[in-house]
Amino acid sequence: MAEQKIGQLIDALGVQADLDEGDLPTDAFVILKVVKADGTVSLASARSEGLDWITRLGMITAAQAIENSGYTEASTDDT
């Protein structure tokens, strides 16, 4: 298995992010579904350099909550 940069792959898959002008993405964690040459399917992951494990875990947990229940900015209010 060889490591490779995946920016062009993500672009080719049509992945886009909804960002406002002035937003500054700082980290990324990517989960990839991979079909191997023999037809088996697996998952692979990649992360931005410097992404620590605690932030990665938080991002995965938040992403799961978003996918399971939907996310609205109102749900982040502490009131």
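## Considering the overall build of the protein chain
A tally of helices and strands in the protein chain yields two helices and two strands. N-terminal to C-terminal, the α/β element order of the protein chain is α-β-β-α. A fraction of 23% describes how many contacts in the protein chain between residues 6 or more apart in sequence connect residues 24 or more apart. Summed over its atoms, the accessible surface of the protein chain is roughly 7400 Å², and 53% of this surface lies on carbon and sulfur atoms.

## Focus on a negative patch on the surface
Together, Asp18, Asp20, Glu21 and Asp23 make up a negatively charged patch on the protein surface. With respect to the helices, strands and loops of the structure, aspartate 20 is situated in the loop between helix H1 (7–12) and strand S1 (29–35). Look at aspartate 20 and you get exposed, because its relative accessible area is 57%.

## Some points on the environment of lysine 33
With respect to the helices and strands, lysine 33 occurs in strand S1. With 12 residues separating them along the chain, lysine 33 and serine 45 place their C-alpha atoms 8.8 Å apart. With residues up to four places along the chain from it excluded, the contact list for lysine 33 reads Val41, Ser42 and Leu43.

About the thresholds
- Residues numbered from 1 in each chain as written.
- Predicted model: local features only at pLDDT ≥ 70, side-chain atom pairs only at ≥ 80, totals over all residues.
- Heavy atoms only, no water.
- Helix = DSSP H or I, 4+ residues; strand = E, 2+ residues; numbered from the N terminus.
- Contact = heavy atoms within 4.5 Å.
- Areas by Shrake-Rupley, 256 points an atom, 1.4 Å probe, with all protein chains shown as cover.
- Patch = residues over 30% accessible without salt bridge, like charges linked within 9 Å, V, L, I, M, F, W, Y side chains within 5 Å.
- Salt bridge = Lys/Arg side-chain N within 4 Å of Asp/Glu carboxyl O.
- Lys, Arg positive; Asp, Glu negative; His and termini not counted.
- Charge placed at Lys NZ, Arg CZ, Asp CG, Glu CD.
- Buried < 20%, exposed > 50% of the residue type's maximum accessible area, 1.4 Å probe, protein only.

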